Amino acid sequence: MNENRATRYNRLKRRASVLSLALTGLFLCGLLATGLSVRLREAVGSAGIYVIVLAVTHELLTLPLSVYSGLLLERRYDLSGISISDWFLDRLKAFALGLLLSVLAAAVVGWSARTAGELWWVAAASAFSLAGIVLAAVAPLLFLPIFYRFKPLDRPALTARLLALANNEGVPAVGVFEWGLGAKTSKANAALVGLGSTRRIILADTLLDNYTDDEIEVIVAHELGHHVHRDMMKAIGFESALVFAGAFAADLLFRAIAPGLGIRDVTDPAGLPLLVIGAGAVSVLLAPLANALSRRAERRADLFALTLTKRPDSFMSAMRRLGAQNLAEEHPSRLVQALFHSHPPIPERLAAARALTD
């Protein structure tokens, strides 16, 4: 197969992702089909312990694929120099955080079933949607520092320039911070994270070391475009719709299958794999729609950045460099874009920028 380096890298990453998803599905279906889920519930009794046992087992089952995709491939393609011990430490942190959220989610489902009866899925989805809004605001303060080092940017001129840009567009940020991404990866990135009083501009050290101030400004202008167009709130709204659709599908699947599997009701921990399958299926089926909406928002943010900064040359040079540095796939098929890509391909973004200057 005549593939360039970026295409091979992305194909292998996708393959690992699909295999991991399939393995998770087989694991959950196997628990239900063999009766292991019911036997585990009988053995442990507690929903919290049930979730912990399930999460640990799933983590061990999928760990080889995670090591391959998250560590070995990144090192093979010179995208990461992280040590094996540091990678596993990050993995342990992510697992602990995910486990905490999973236990809380199971508790919410149980509480919803006890208090709302047959409408448990409405109560649970409402709680999860509210939690999503809160997490969007506090994640930059609580979660990102668990994995990355942050410090105020020590470049006064660039800081003032970017803060003025944000203030002028009505999305003020509390500060500009250097994001210690280089300790984990050689990829470059920037973001405008948080909501309201938690909003801040974060710039990867890998970006600061290799890009001009004009390039950085146009990249940040793109991120500002998302906030000006309220893309984060739209994304939260879409995610909330997904949560409600997933909870409804989980309820339908539960009603149809649970009685034949020896699962008592929604408060029964043994039914959690069934609920995850129902909700997860909705997310997978609607992934093309989510990606299409995201790509549309990215195109709109590109146009905003170009219009705001009037620096098409800086935009195009930044896109080319980001694409090369991050090994972005230049010519994915339409099917691959639909299923996996939340951003338009770099050549499409460059063509749109050139069209504005012609």
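Use the structure listed above.
This report concerns the structure included in the present document. Throughout, a residue's number is its position along its own chain's written sequence, starting from 1. Thresholds applied to this predicted model are a pLDDT of at least 70 for local features of residues and 80 or more for the giving and counting of side-chain atom pairs; totals over whole chains, interfaces and linings are not thresholded and use all residues. Hydrogens and water are ignored here; the side-chain numbers use all heavy atoms of the structure.

### A few points about the overall build of the chain
Worth spelling out the cut-off: The secondary structure listing takes helices from DSSP runs of H or I that are at least 4 residues long and strands from runs of E that are at least 2 residues long, numbered from the N terminus. Just to be clear, the radius of gyration here is over C-alpha atoms, and the globule rule we use is 2.2 Å times residues to the power 0.38. Buried residues are those whose accessible area, probed at 1.4 Å on protein chains only, stays under 20% of the maximum for their type, while exposed residues exceed 50% and partly exposed ones sit between those limits. When checking whether two residues touch, look at their non-hydrogen atoms; a contact exists if any pair is within 4.5 Å. A residue counts as positive if it is Lys or Arg and as negative if it is Asp or Glu; His and the chain ends are not included. Think of each charge as sitting on NZ of Lys, CZ of Arg, CG of Asp or CD of Glu.
For the chain, the count of helices and strands is 15 helices and four strands. Taken over C-alpha atoms, the radius of gyration comes to 22 Å for the chain, in line with the 21 Å a tight globule of 358 residues would show. Based on the C-alpha atoms only, the size of the chain along its principal axes is roughly 65 × 45 × 40 Å. Every one of the 358 residues in the chain was classed for burial, and the buried ones make up 43%. Pairs at least 24 apart in sequence give 75% of the contacts found in the chain among residues at least 6 apart. One finds the centroid of the 36 positive side-chain charges in the chain at a distance of 2 Å from the centroid of its 30 negative side-chain charges.

### Observations concerning the packing of helix α1 (residues 5-33) against helix α11 (residues 272-285)
We apply this condition: For helices, the fitted line uses only the C-alpha atoms of the stretch in contact; every axis is such a line through C-alpha atoms, and the angle between N-to-C directions lies from 0 to 180 degrees. Oblique is the label for any angle not covered by the other classes, which are roughly parallel (under 35 degrees), roughly antiparallel (over 145) and roughly perpendicular (65 to 115). Left-handed describes a crossing whose near helix is turned anticlockwise from the far helix through less than a right angle; right-handed describes the clockwise counterpart.
Running from N to C, α1 and α11 point in directions that differ by 150°, and their axes come no closer than 9 Å. The orientation of α1 with respect to α11, classified from their angle, is roughly antiparallel. The handedness of the crossing between α1 and α11 is left-handed. On the side of α1, the interface is formed by L21, L28, C29, L31 and L32, while α11 contributes P273, L274, V276, I277 and V284.

### Observations regarding the packing of helix α10 (residues 231-257) against α11
Their axes nearest at 7 Å, the elements α10 and α11 cross at an angle of 135°. Overall, the two elements α10 and α11 adopt an arrangement that is oblique. Seen along the crossing, α10 lies across α11 with a hand that is right-handed. Along the contact surface, α10 presents L242, A245, G246, A249, A250, L253, F254 and I257, while α11 presents L274, L275, I277, G278, A279 and V282.

### A few points about α11
The condition is simple: By this rule the span expected of a helix is its residue count minus one, scaled by 1.5 Å.
When the terminal C-alpha atoms of α11 are compared, their 20 Å separation across 14 residues agrees well with the 20 Å that a helix rising 1.5 Å per residue should span. Residues of α11 that are buried: L272, P273, L274, L275, G278 and V282. At its buried positions, α11 is contacted by α1, α2 (36-44), α3 (47-76), α4 (84-116), α5 (120-142) and α10.

### Notes on a nonpolar patch on the surface
Rule in force here: Patches in this entry comprise residues that are over 30% relatively accessible and not in a salt bridge; like charges within 9 Å are linked, as are nonpolar side chains (Val, Leu, Ile, Met, Phe, Trp, Tyr) within 5 Å. Areas reported as accessible are Shrake-Rupley estimates using a 1.4 Å probe. Residue values count occlusion only from the protein chains shown. Here, a salt bridge means any Lys or Arg side-chain nitrogen found within 4 Å of an Asp or Glu carboxyl oxygen.
Taken together, the side chains of V18, L335, L339 and F340 make up a nonpolar region of the molecular surface, amounting to roughly 360 Å² of accessible area. When residues of the nonpolar patch are assigned to their parent elements, the largest contribution, three residues, is made by helix α14 (residues 334-340). Structurally, the position occupied by V18 is in helix α1.

### Digging into the nonpolar core
What counts here: Take the buried residues of types Ala, Val, Leu, Ile, Met, Phe, Trp, Tyr and Cys, join any two whose side-chain atoms come within 4.5 Å, and each joined set is a nonpolar core.
Counting residues in each nonpolar core, the largest one holds 40 residues, and the members touching the most others are L162, I201, L203, L207, I216, I219 and L224. Of all the elements, helix α9 (residues 213-228) adds the most residues to this core, at six residues. Residues within four places of L203 in sequence aside, it is in contact with L153, L158, L162, V176, F177, E178, W179, N189, A190, L208, I216 and V220.

### Overview of the sheet that holds strand β4 (residues 200-204)
What counts here: Strand pairing is assigned whenever DSSP detects at least two bridges linking the two strands.
Reading across from one edge, β1-β2-β4-β3 is the order of the four strands in this open sheet, with mixed pairing throughout. The sheet is open, and its two borders are formed by β1 (150-152) and β3 (190-193), each paired with just one other strand. In this sheet, adjacent strand axes meet at a mean angle of 30° when their direction is disregarded. Along the sheet face, α9 touches β3 and β4 and points at about 35° away from the line of β3.

### Observations concerning the side chain of E59
We apply this condition: Whenever a nitrogen or oxygen atom comes within 3.5 Å of another N or O atom, the pair is scored as a polar contact, on the condition that within protein one atom can donate a hydrogen and the other can accept it, and that pairs from neighbouring residues in sequence are kept only if both atoms are in side chains.
Residue placement: E59 occurs in helix α3. Taking relative accessible area as the criterion, E59 reaches 14% and is therefore assigned buried. Here R91 takes part through its side chain, which lies 2.8 Å from a polar atom of the side chain of E59. Once you skip the residues sitting within four places of it in the chain, E59 turns out to touch R91 and F95.

### Remarks on the pairing of β3
Across the two faces of β3 the burial is the same, with A190 and L192 and A191 and V193 all buried. Bridge analysis of β3 against β4 gives four bridges, and the strand direction is antiparallel. By the bridge assignment for β4, L192 is matched with I201. In this structure, the hairpin formed by β3 and β4 is closed by a connection of six residues, where G194 is found at a positive phi of approximately 90°.

### Topic: the environment of E118
Here E118 shows up in the loop between α4 and α5. Given the relative accessible area of 59%, E118 is considered exposed. Contact partners of E118, with chain neighbours within four places excluded, come to D251 and R255.

### Overview of the pattern of salt bridges
Under the counting rule described, the total for this entry stands at 18 salt bridges. Close ionic contact of D214 with R311 constitutes a salt bridge, the shortest N to O distance being 3.5 Å. Note that D214 is positioned in helix α9 and R311 in the loop between α12 (287-309) and α13 (312-325), a separation of 97 residues in sequence. Judged by its relative accessible area of 26%, D214 is partly exposed. Among the salt bridges present, the one from R321 reaches E215, with a minimum N-O distance of 2.7 Å.

### A word on the packing of aromatic side chains
Selection rule: Each aromatic pair joins two rings of Phe, Tyr and Trp (for Trp, the six-membered one) with centres within 6.5 Å, and gets the label stacked for planes under 30 degrees apart, edge-to-face for over 60, and tilted for any other angle. When the NZ atom of lysine or the CZ atom of arginine is within 6 Å of a ring's centre and also within 35 degrees of its normal, the charge is said to sit over that ring.
The full count for this structure, using the stated rule, is five aromatic pairs. Ring geometry for Y148 versus W179: centroids 5.7 Å apart, planes at 90°, classification edge-to-face. On the criterion of sequence distance, the pair formed by Y148 in the loop between α6 (144-147) and β1 and W179 in strand β2 (residues 176-179) is long-range, its members being 31 residues apart. It is K184 that lies over the ring of Y148; its NZ or CZ is 5.9 Å from the centre. One Lys or Arg, R321, reaches over the ring of Y211 and ends 4.6 Å from the middle of that ring.

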